[in-house]
Amino acid sequence: MEFESTAQQACYKRIVPWMQDLFGEAAVLFEDEPLFIITIGSAVASTRVVPWGENDALITTRSFVVTDVNVTPELSYYLLRANNGIHFGRFALDGENDIVFEHSLVGSTCDQIELKHSVTTVIRIADDYDDEIVARWGGQRALERWSSN
């Protein structure tokens, strides 16, 4: 595996045993990039370690919430208002206008408890919001889209 910085590599090596300890077989480690896929129940999240500045890294956990959705002004407003009430992470649209929820931690200061709360909160919030978004604006829950492929 190639790393873009020594800070990214150090962070990744520090959290590998944490991810295994916290999530066991629910965490899949990739051999070719600093990425984990975590499945809890019907929810799936990816946790990636990326370089941040010259001497640090970010641990970013992202879960797809709804895919194949028509992004309307009303939906955008709903997501922005939801972001205002959520203090741990944020909704966003990816490059394909899929709705994601993500949270990032500073790699050098992260501990195992923070990592657990970040990953589990991202998964829980994505799971809490997907049904309402699909009911009101259409699209597919991310898990349904991947299950049909």
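Structure: above.
Keep in mind that what you see is a predicted model, and the values were worked out from it rather than measured. Each chain has its residues counted from 1, following the order in which its sequence is written. Two thresholds apply to this predicted model, a pLDDT of at least 70 for residue-level local features and 80 or more for giving and counting side-chain atom pairs, whereas whole-chain, interface and lining totals are computed over all residues. With hydrogens and water stripped out, all remaining heavy atoms of the structure feed into the side-chain values.

1. Details of the packing of helix α2 (residues 73–85) against helix α3 (residues 112–137)
Condition: To obtain each axis, a line is fitted to C-alpha atoms, and for helices this fit is confined to the stretch in contact; angles are then taken between N-to-C directions over 0 to 180 degrees. Helix and strand assignments come from DSSP, with helices taken as H or I runs of at least 4 residues and strands as E runs of at least 2, each series counted from the N terminus. In these notes the angle categories are as follows: under 35 degrees is roughly parallel, over 145 is roughly antiparallel, 65 to 115 is roughly perpendicular, and the rest is oblique. Take the far helix as the reference: if the near one is turned anticlockwise from it by less than a right angle, the crossing is left-handed, and if turned clockwise, right-handed. It only takes one pair of heavy atoms within 4.5 Å for two residues to be counted as in contact. In this count, Pro and Cys sit with the nonpolar residues alongside Ala, Val, Leu, Ile, Met, Phe, Trp and Tyr, while Asp, Glu, Lys and Arg are called charged and the others, Gly among them, polar.
Where α2 meets α3, the closest approach of the two axes is 11 Å, and the angle between their N-to-C directions is 160°. Of the possible angle classes, the one that applies to α2 and α3 is roughly antiparallel. When the axes of α2 and α3 are compared, the crossing they make is right-handed. In this structure, α2 uses E74, L75, Y78, L79 and A82 to contact α3, whose residues at the interface are Y129, E132, I133, R136 and W137. For the contact of α2 with α3, the class distribution of residues is seven nonpolar, no polar and three charged.

2. Some thoughts on unusual backbone geometry
Put simply, the rule reads: Here the term buried applies to any residue with accessible area under 20% of the maximum for its type, exposed to any over 50%, and partly exposed to those in between, with areas from a 1.4 Å probe on protein chains only.
With a phi angle near 55°, D68 is a residue other than glycine that sits in the positive phi range. The topology assignment puts D68 in the loop between β4 (56–67) and α2. Taking the relative accessible area as the measure of exposure, D68 reaches 49% and is therefore partly exposed. Look at N97: it is not a glycine, yet its phi comes out positive at around 65°. Its place among the elements puts N97 in the loop between β5 (90–93) and β6 (99–106). According to the relative accessible area criterion, N97 is partly exposed, its value standing at 39%.

3. Comments concerning the packing of aromatic side chains
Note the cut-off: Here the aromatic set is Phe, Tyr and Trp, taking the six-membered ring for Trp, and pairing holds for ring centres within 6.5 Å; pairs whose planes are under 30 degrees apart are stacked, those over 60 apart are edge-to-face, and all others are tilted.
Scanning all chains against the criterion turns up six aromatic pairs. Ring geometry for Y78 and W137: centres 5.0 Å apart, planes at 45°, overall tilted. With Y78 in helix α2 and W137 in helix α3, the pair connects residues that are 59 residues apart, well separated along the chain. The pair Y78 / W137 is uniform in exposure class, with both members buried. Ring centres of F91 and F101 lie 5.0 Å apart, and the angle between their planes is 70°; this geometry places the pair in the edge-to-face category. In this pair, F91 sits in strand β5 while F101 sits in strand β6, placing the two residues ten residues apart along the sequence.

4. A closer look at the pairing of β6
Definition in use: If DSSP finds at least two bridges between two strands, the strands pair.
Most of β6 is tucked away: six of the eight residues are buried. Sheet analysis places β4 next to β6, joined by eight bridges and oriented antiparallel. Within the sheet, the bridge partner assigned to L58 lies in β6 and is V106. The turn joining β5 and β6, which pair antiparallel and follow one another in sequence, is formed by five residues; a positive phi near 65° is taken by N97.

5. Quick word on the pairing of strand β2 (residues 35–40)
Two strands pair when backbone bridges link them, and strand β1 (residues 27–29) and β2 are joined in this way by three bridges, in the antiparallel orientation. Across the sheet, residue A27 finds its bridge partner in β2, namely I38. Linking β1 back to β2 in an antiparallel pair, the connection comprises five residues. Counted along the chain from β2 to the antiparallel partner strand β3 (residues 43–52), the turn is two residues long, and its residue G41 has a positive phi close to 60°.

6. Observations concerning the environment of I113
Along the polypeptide, I113 turns up in helix α3. Since its relative accessible area comes to 58%, I113 is described here as exposed. Between the C-alpha atom of I113 and that of W18, which follows or precedes it by 95 residues, the distance is 9.2 Å.

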